[in-house]
Amino acid sequence: MTMRLAAGALLLCAAVPASAQLGAPTQSPLPEGTTEGQDAGSPKGRYHELDALPDWGGIWFVQFGGSGGGAPLAVPKLKGEYLERYQAWRGEVASNNGVTRRNRSNCSPPGMPRIMRLAQYPYEFLFTPGRVTINQEAWMQTRTIWTDGRVHKEDPDPTFMGDSIGHWEGETLVVDTIGISDQLDLDTGMPHSAQFHLTERIHLSTEDPEVLVNEMLMEDPEALEEPFAVTVRYRRDRHGSLIEFQCAENDRNPIDDEGNTEFL
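These figures come from a predicted structure and were not determined experimentally. For every chain, the first residue of the written sequence is number 1, and numbering continues from 1 along that sequence. Given that the model is predicted, a residue must reach a pLDDT of at least 70 before its local features are reported, and side-chain atom pairs must reach 80 or more before they are shown or counted; all residues, however, enter totals for whole chains, interfaces and linings. Side-chain measures were taken over the full set of non-hydrogen atoms in the model, leaving aside hydrogen atoms and water.

Asker: Can you explain unusual backbone geometry? Please cite residues and give values.
Answerer: With an omega of 0°, the peptide bond between Met112 and Pro113 qualifies as cis. Each helix is a run of DSSP H or I of at least 4 residues and each strand a run of E of at least 2, with the numbering of both proceeding from the N terminus. Checked against the element boundaries, Pro113 lands in the loop between helix 3 (80–95) and strand 2 (123–128). The phi dihedral of Asn97 falls on the positive side, at around 55°, and the residue is not glycine. Turning to its location among the elements, Asn97 is positioned in the loop between helix 3 and strand 2. Of note, the phi angle at Met140 is positive, near 50°, even though the residue is not glycine. Relative to the helices and strands, Met140 is located in the loop between strand 3 (131–136) and strand 4 (141–146).

Here it is, written out as structure tokens:
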């Protein structure tokens, strides 16, 4: 009897169309601000548009130094509780040999805006109709900048990358980002609020086409006394490629001399 029931169940499954077995596919609405057939989800027949965009091929490394002559780096001017939290963090660093507590996994990425200013790990910019994708070697992160005319989500969930929309002004990509998690740092140890807003103007240097310039403007009425502007430059490696970054394999707690698990 059991075998007959099993066989019957198999025949019943076989009679149901595969689409019904898998369930109906998700059908997201057309993003607000876009036009049917012209959004990022409809790229066919539009790849020729990319020829008008600037050449950002290869991979890009953050470039330090230059003609600054050793001038001190500008830092954000925090205020109120955010300044107090930063001062407490600095005190903890000083009293604990540079070691601080973390409220996230040791393998969680820094998120925006810090991840766009990492020295040792390169970036790759990919153009497709309606979007610019930034592949980042660090933590193997992917950032999407929508350029199909859509507007920001009304109340975006806070994320590591935030909600980025952009448009081209000539050969400059102008990017507006909100929705960055307030659990992340504006800069090392520096907190920000849920009101944090980032504007970027990304373009090739007029002096050297092998240098990409990112003019970043950070605004936060709750955490900053005034908007903070910083310019990041990236040097091109035309034929380089990103290397796999797999931190999760090493995200383990330390073991003491007796073999007991310790906690960070």
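Asker: Give a detailed account of the side chain of Arg143, specifying residues and quantitative values.
Answerer: Relative to the helices and strands, Arg143 is located in strand 4. Burial classification: accessible surface area is computed with a 1.4 Å probe over protein chains only, and a residue below 20% of its type maximum counts as buried, one above 50% as exposed, and the rest as partly exposed. According to the relative accessible area criterion, Arg143 is buried, its value standing at 1%. Setting aside residues no more than four positions away along its own chain, Arg143 makes contact with Met112, Met116, Val132, Thr133, Ile134, Met161, Ser164, Val175, Thr177 and Glu200. In what follows, residue pairs with any heavy atoms lying within 4.5 Å of each other are defined as contacts.

Asker: How would you explain the nonpolar core if you had to name every residue and give the values?
Answerer: The nonpolar side chains of soluble globular proteins are, as a tendency, buried together. Trp56, Met116, Tyr123, Phe125, Leu212, Met218 and Tyr234 are the most contacted members of the largest nonpolar core, which has 37 residues in total. Every element with two or more residues in this core is listed here: strand 1 (59–63), helix 3, strand 2, strand 3, strand 6 (172–178), strand 9 (197–204), strand 10 (211–219) and strand 11 (228–237). Take this core: its biggest share by element is 4 residues, from strand 11. Definition of nonpolar core: a set of buried residues of the types Ala, Val, Leu, Ile, Met, Phe, Trp, Tyr and Cys, connected through side-chain atoms within 4.5 Å.

Asker: Hey, could you go over the packing of aromatic side chains for me, with residue numbers and the actual values?
Answerer: Planes of paired rings set the category: under 30 degrees apart is stacked, over 60 is edge-to-face and the rest tilted, where pairs are Phe, Tyr or Trp rings (Trp by its six-membered ring) whose centres lie within 6.5 Å. Applying the stated criterion across every chain yields a total of 8 aromatic pairs. Aromatic pair Phe127 and Trp168: ring centres 5.5 Å apart, planes at 80°, arrangement edge-to-face. Here Phe127 is found in strand 2, whereas its partner Trp168 is found in strand 5 (residues 163–169), with 41 residues between them in sequence. On the accessibility criterion, Trp168 (22% relative accessible area) is partly exposed. One aromatic cluster is present, built from ring pairs that chain together Trp56, Phe125, Phe127 and Trp168. The side chain of Arg150 reaches across the aromatic face of Trp146, ending 3.7 Å from its centre. By definition here, charges over rings are those cases where NZ of Lys or CZ of Arg is within 6 Å of the ring centre and within 35 degrees of the ring normal.

Asker: Can you lay out the pattern of salt bridges for me, pointing to particular residues and giving the numbers?
Answerer: Salt bridges are defined as contacts in which a side-chain nitrogen from Lys or Arg sits within 4 Å of a carboxyl oxygen from Asp or Glu. Evaluation of the coordinates by the stated rule reveals 12 salt bridges. Salt-bridge contacts for Arg238 lead to Asp55; the nearest nitrogen and oxygen are separated by 2.8 Å. Here Arg238, found in the segment after strand 11, pairs with Asp55, found in the loop between helix 2 (18–22) and strand 1; they are 183 residues apart in sequence, far enough to count as distant. One salt bridge connects Arg150 with Asp148, and the closest N-O pair in it is separated by 2.8 Å. The buried category is assigned to Arg150, whose relative accessible area is 16%. If you follow the salt bridges from partner to partner, you end up with Asp55, Glu210, Arg236 and Arg238 in one network.

Asker: Outline the environment of Pro209, supporting the account with residue identities and numerical values.
Answerer: With respect to the secondary-structure elements, Pro209 resides in the loop between strand 9 and strand 10. Excluding anything up to four places from it in sequence, Pro209 contacts Trp60, Leu204 and Arg236.

Asker: Describe the pairing of strand 6, listing the residues and the values that go with them.
Answerer: Where burial is concerned, most of strand 6 is hidden: 5 out of the 7 residues are buried. In this structure, strand 5 lies alongside strand 6, joined through 7 bridges in antiparallel fashion. Paired with Ile165 across the two strands is Asp176, which belongs to strand 6. From the end of strand 5 to the start of strand 6, which pair antiparallel, there are 2 residues, and Gly170 there has a positive phi angle of about 65°. A pair of strands is considered paired only if DSSP assigns at least 2 bridges between the two. Summarising the sheet, strand 6 and strand 9 pair through 5 bridges and their orientation is antiparallel. Note on strand 9: the bridge partner recorded for Thr177 is Leu198.

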